[in-house]
Amino acid sequence: ALRGSFATKAQKENQSHQYHLQPQATFKVAILGAAGGIGQPLALLVKMSPLVSALHLYDIANVKGVAADLSHCNTPSQVLDFTGPSELGNCLKGVNVVVIPAGVPRKPGMTRDDLFNINAGIVKNLIEAVADNCPDAFIHIISNPVNSTVPIAAEILKQKGVYDPKKLFGVTTLDVVRANTFVAQKKNLKLIDVDVPVVGGHAGITILPLLSRTKPSVSFTDEEIQELTVRIQNAGTEVVEAKAGAGSATLSMAYAAARFVESSLRALDGDGDVYECTYVQSDLTELPFFASRVKLGRDGVEAVISSDLQGLTEYEQKALEALKPELTASIEKGIAFTQKQT
Ligand code: NAD
Ligand code: LMR
């Protein structure tokens, strides 16, 4: 349904009967790192959601202006700003979804893992505050390296005694968004119809698009599979190089993160038909964390969709085995970091 603020008057009137039957829900969303390259456009997109009653923007600097600016948009949610660690607790109290894009981005020549030393500590501190102030919230981790920052968050939440694996998500939606775009372009398909599940993790070869599972069903040559897979895996680097030192993907990331927020809010609101790919604690493979399609519900991950990994092509099966050592090492690095800290 067209629920967004871009819907025309006529479209809204057509839908108004739905709203009378089921009033708009009111959820609170916090963005940590809200003054950054991702944080600002993400805040704008979340401000447009009719499911949001309050938007809490947190950063270590420059967030007052972002909030003042955004608060003038005539959409329902109230915008509040919070600056620095002394205001972090108040930012988090009572929120339903916490999105974390805080941290440094890559420059050309760097891997996501090169960000570990700075971003691991940032995520750790923010998750400690989440554990203390809104332990029941859905937590969306964007900060890289996602393959390690999600295990770090899980360990911190465990140490605090509030870990709920169903509510901790690594945001890999951008990989799906890219896969959908590139496949639609290559095969001349209508964008709106295309859906490619992307599994594994969120770095280099750990990003595994399951092209054989593309909807609608499409046939690819071996060359097309190779070319598309490599492009999807390197798409982050493509943007980092084009930005030439000015950072990594921010606008497409904000778009993808807003989609994941909206899906989470719809699930919290009781929609029984919400599926997204995301990097979560998982028993789909022998790895403790793995990205795959999941069904989202009121309590978070309701089911991990195992069928996507059944009957893979030989190419996909090999790629799956090839990604496991790197993904395992990134998970172990994250866990080791939290053990050093205690
Ligand atoms: P940016 O530098 O533009 O913004 C980061 C923001 O985080 C800044 O405003 C900064 O002040 C803030 N910040 C730093 N330390 C903080 C702390 N302790 N608490 C709160 N805020 C803090 O960077 P960006 O382009 O927005 O990227 C942010 C992160 O997202 C990077 O790590 C990047 O690699 C990652 N990223 C992930 C994906 C993905 O698909 N998951 C996609 C793109 C970028
Ligand atoms: C992306 O995929 O765009 C992000 O993970 C940012 C990056 O460093 O590539």
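Just so it is clear, the model here is predicted, and its values are computed rather than measured. (Residues numbered from 1 in each chain as written. Chains lettered and ligands numbered in written order. Predicted model: local features only at pLDDT ≥ 70, side-chain atom pairs only at ≥ 80, totals over all residues.)

(A) Up close: the overall build of the chain. Regarding its fold elements, the chain presents 11 helices and 11 strands. Against the globule reference of 20 Å for 342 residues, the chain gives a C-alpha radius of gyration of 19 Å, in line with a compact fold. For the chain, the spread of C-alpha atoms along the principal axes amounts to about 55 × 50 × 40 Å. Within the span of the chain, comprising 342 residues, buried residues form 46% of the whole. Sequence separation of at least 24 residues holds for 69% of the intrachain contacts in the chain that already meet a minimum separation of 6. (Helix = DSSP H or I, 4+ residues; strand = E, 2+ residues; numbered from the N terminus. Rg over C-alpha atoms; globule rule 2.2 N^0.38 Å. Buried ≥ 20, exposed ≤ 12 C-beta atoms within 10 Å, placed from the backbone. Contact = placed C-beta atoms within 7 Å.)

(B) Summary view of helix H8 (residues 222-233). For H8, built from 12 residues, the straight-helix expectation of 16 Å at 1.5 Å per residue is met to within 8% by its first-to-last C-alpha distance of 17 Å. Looking at the packing, one finds that the buried side of H8 touches helix H7 (173-187), strand S8 (207-209) and helix H9 (235-243). (Expected span 1.5 Å × (residues − 1).)

(C) Expanded view of the site of ligand 2. Close to ligand 2 lie Pro-105, Arg-106, Arg-112, Asn-144, Leu-174, Gly-236, Thr-237, Val-239, Val-240, Ser-248 and Ala-249. Here the shell around ligand 2 gets four residues from one element, more than from any other, and that element is H9. Residue composition of the shell around ligand 2, by class: five nonpolar, four polar and two charged. (Near = placed C-beta within 6 Å. Nonpolar A, V, L, I, M, F, W, Y, C, P; charged D, E, K, R; others polar.)

(D) Examining the UniProt feature "domain: Lactate/malate dehydrogenase N-terminal" (unreviewed entry) in the chain more closely. When the UniProt feature table is mapped to this numbering, "domain: Lactate/malate dehydrogenase N-terminal" (unreviewed entry) covers residues 28-170. The span residues 28-170 carries 38% helix and 21% strand; its end-to-end C-alpha distance comes to 20 Å. (UniProt positions renumbered as here; feature names shortened; annotations may be inferred.)

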